[in-house]
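The residues making up each chain are set out below.
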Amino acid sequence: MNTLRSFMRTLLICASAFSLLITASSNLKAEEKSEFKVAWTIYVGWMPWDYGAATGIVDKWADKYGIKIDVVQVNDYVESINQFTAGQFDATVMTNMDALTIPAASGVDSTALIVGDFSNGNDGVVLKEAKTLAEIKGQQVNLVELSVSHYLLARGLESVGMTEQDVKVVNTSDADLVAAFSADDVTAVTTWNPLLSEITAQPNAHKVFDSSMIPGEIIDLMVVNTETLEANPKLGKALVGAWYEIMATIAAKDENSVKAKSFMAEASGTDLAGYEAQLASTNMFYTAASAVEFTNSDSLTKTMQKVSEFSFDHGLLGEGAPDAKFIGIETPAGVYGNAANIKLRFNPTYMKMAADGSL
């Protein structure tokens, strides 16, 4: 499998550019400050940040702690993580795999502040005409290479006794995937919602594998620079407080819940029914207690081992990585990888505060 295709080259170019910034600031500790920038991108589990910014919920919690939080939409998901890695944002939404392979692999110590949900059908493999995953053998598969879609495909192939050697991955921008599937010569794609819903609505499209078959492995997070968080615990408290107020609104199933979900639906380019369908295939942690329980579980460490092994096999842990354990990943259940090189931390401290009503 050639891992140096366009997506990988982009990451390596960005990483080299970031290294200058990272090296220059490596001996500096983050200082206490009062203004912060947080990025988000369109995805069912991250639309609440848009709602929270638009309705003043984020501002209310920021005011409580005497800070300001600027919530910024970035249209390009990977670019938003690149900018976080370069220090242009204090916090950004991303998946567990991307948190490992972009900021952590670039040497930026990052903390998963909020474990918001895991994909439970929101990511899937779709075939044209064929109705079983086993029929994918020998086909080209269009996807965003080296993303969670690539990871999902690898896990799916594993479930039917195949490997990536049995298919040909075609790196395709997420912006082009829906149109690509309409072409006669494209017979297989792997992607996430809302693109997945658009593709499965096309004639002769069959979803043959999805993230519900690997529950808890594709996790959606709010990630904060660790040094920034340590120097500014008020940021952690404000973000977590705002998040769970929004979660309570969505989960209430009343008029305000409908209004909130309708806002998020429109902002993400769908209607209420479409957004609720995406929520149905997302295991949202609507309460802080449920998020803490998931974060404390042994299964999280095991999942991150799988993610690390996939990432190492595809050259995503950096040129100097000798094995999948090169980067240390800290969870409440223990550390996977090098305890002397921890760059990704799952810290439920602030979520526990929310669960205990102490924010």
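Predicted, not measured: the structure shown is a model, and the values here were computed from it.

## Some details on the overall build of the protein
Phase 1: Scanning the protein from N- to C-terminus turns up 15 helices and 14 strands.
Phase 2: The globule rule puts the C-alpha radius of gyration for 359 residues at 21 Å, and the 20 Å found for the protein is close to it.
Phase 3: Projected onto its principal axes, the C-alpha positions of the protein cover 55 × 50 × 35 Å.
Phase 4: Going through the 359 residues of the protein one by one, you find that 54% of them count as buried.
Phase 5: Taking all contacts inside the protein whose residues are at least 6 apart in sequence as the whole, residues at least 24 apart take part in 77%.
Phase 6: Total accessible area computed for the protein in this model is approximately 14800 Å², and 50% of it derives from carbon and sulfur atoms.
Phase 7: Separation between the mean location of the 25 positive side-chain charges and that of the 44 negative ones in the protein comes to 4 Å.

## A word on the pattern of salt bridges
Phase 1: According to the stated counting rule, one finds ten salt bridges in the structure shown.
Phase 2: In this structure, Glu158 engages Arg155 in a salt bridge whose closest nitrogen and oxygen atoms are separated by 3.3 Å. With Glu158 and Arg155 both in helix H6 (residues 148-159), this residue pair falls three residues apart, about one helical turn.
Phase 3: With relative accessibility at 52%, the residue Glu158 sits in the exposed group.
Phase 4: Across the salt bridge formed by Lys207 and Asp210, the nearest N and O atoms sit 3.4 Å from each other.

## A word on the environment of Asn120
Phase 1: By secondary structure assignment, the location of Asn120 is in the loop between strand S4 (110-119) and strand S5 (123-128).
Phase 2: Expressed as a C-alpha distance, the spacing of Asn120 and Gln278, which sit 158 residues apart in the sequence, is 9.6 Å.
Phase 3: Other than its neighbours up to four places away in sequence, Asn120 contacts Ser211, Ser212, Pro215, Ser281, Thr282 and Asn283.

## Describing the side chain of Asp210
Phase 1: Mapping Asp210 onto the fold places it in strand S9 (residues 205-210).
Phase 2: Reaching out from Asp210, the side chain makes a polar contact with the side chain of Lys207 at a distance of 3.4 Å.
Phase 3: Residues within four places of Asp210 in sequence aside, it is in contact with Gly121, Asp123, Gly124 and Leu152.

## So, the nonpolar core
Phase 1: Ranked by internal contacts, the top residues of the largest apolar core, which has 112 residues, are Trp49, Ile69, Ile136, Leu153, Leu239, Tyr244 and Phe346.
Phase 2: When residues in this core are grouped by element, the largest group, ten residues, is from helix H10 (residues 233-251).
Phase 3: Excluding residues within four positions of it along the chain, Leu153 makes contact with Val125, Ile136, Val141, Leu143, Val167, Val169 and Thr190.

## Some details on the packing of helix H2 (residues 47-54) against H10
Phase 1: Following both chains from N to C, one finds H2 and H10 inclined at 100 degrees, their axes separated by 10 Å at the closest point. As judged from the angle between their axes, H2 and H10 are roughly perpendicular. Contacts between H2 and H10 involve Pro48, Trp49, Tyr51 and Gly52 on the former and, on the latter, Leu239, Trp243, Ile246, Met247, Thr249 and Ile250.

## Section: helix H12 (residues 272-280)
Phase 1: Along H12, the residues that are buried comprise Gly274, Tyr275, Gln278 and Leu279. Mapping the buried residues of H12 onto a view down its axis gives an arc of 140 degrees, with all of them on the same face. In H12, the exposed positions that point more than 90 degrees away from the buried face belong to Ala273 and Ala280.
Phase 2: Residues of H12 that are buried make contact with H2, helix H11 (255-267) and strand S11 (282-284).

## Points about a negative patch on the surface
Phase 1: Negative charge collects at one region of the surface, where Asp76, Glu79, Asp174 and Asp176 lie side by side.
Phase 2: Within the secondary structure layout, Asp76 lies in the loop between strand S2 (68-73) and helix H4 (77-85).

## Considering the packing of aromatic side chains
Phase 1: Tallying each qualifying case throughout the model produces eight aromatic pairs.
Phase 2: A connected cluster of aromatic rings, assembled from ring pairs, spans Tyr43, Trp46 and Tyr77.
Phase 3: The ring of Phe89 carries Lys37 above its face, with NZ or CZ at 4.9 Å from the centroid.
Phase 4: A cation over a ring is seen here: Lys128 above Phe181, with NZ or CZ 4.7 Å from the ring centre.

## Re unusual backbone geometry
Phase 1: A cis amide bond, omega 10 degrees, links Asn193 with the succeeding residue Pro194.
Phase 2: You can see Pro194 is positioned in the loop between strand S8 (188-192) and helix H8 (195-200).
Phase 3: We note that Glu129 has phi near 75 degrees; this positive angle belongs to a residue other than glycine.
Phase 4: With respect to the helices and strands, the residue Glu129 is situated in the loop between S5 and strand S6 (140-143).
Phase 5: Of note, Asn204 is a non-glycine position whose phi angle comes to about 65 degrees, a positive value.

## A closer look at the environment of Asn96
Phase 1: Relative to the assigned elements, Asn96 resides in helix H5 (residues 96-104).
Phase 2: For the pair Asn96 and Leu272, spaced 176 residues apart in sequence, the C-alpha to C-alpha distance is 28 Å.
Phase 3: Sequence-distant contacts of Asn96, defined by excluding residues within four places in its chain, comprise Glu217, Ile218, Ile219, Leu221, Thr303, Met304, Val307, Leu344 and Phe346.
Phase 4: Within polar-contact distance, the side chain of Asn96 engages the backbone nitrogen of Ile219 at 2.9 Å.

Rules of the game
- Residues numbered from 1 in each chain as written.
- Predicted model: local features only at pLDDT ≥ 70, side-chain atom pairs only at ≥ 80, totals over all residues.
- Heavy atoms only, no water.
- Helix = DSSP H or I, 4+ residues; strand = E, 2+ residues; numbered from the N terminus.
- Rg over C-alpha atoms; globule rule 2.2 N^0.38 Å.
- Buried < 20%, exposed > 50% of the residue type's maximum accessible area, 1.4 Å probe, protein only.
- Contact = heavy atoms within 4.5 Å.
- Areas by Shrake-Rupley, 256 points an atom, 1.4 Å probe, with all protein chains shown as cover.
- Lys, Arg positive; Asp, Glu negative; His and termini not counted.
- Charge placed at Lys NZ, Arg CZ, Asp CG, Glu CD.
- Salt bridge = Lys/Arg side-chain N within 4 Å of Asp/Glu carboxyl O.
- Polar contact = N/O pair within 3.5 Å; in protein donor to acceptor, adjacent residues only side chain to side chain.
- Core = buried A, V, L, I, M, F, W, Y, C linked by side-chain atoms within 4.5 Å.
- Axes fitted to C-alpha atoms, helices over the stretch in contact; angles between N-to-C directions.
- Parallel < 35°, antiparallel > 145°, perpendicular 65-115°, else oblique.
- Arc of directions from axis to C-beta.
- Patch = residues over 30% accessible without salt bridge, like charges linked within 9 Å, V, L, I, M, F, W, Y side chains within 5 Å.
- Phe/Tyr/Trp six-rings, centres within 6.5 Å; stacked < 30°, edge-to-face > 60°.
- Lys NZ or Arg CZ within 6 Å of the ring centre and 35° of its normal.

Shape descriptors only; they carry no functional weight alone.
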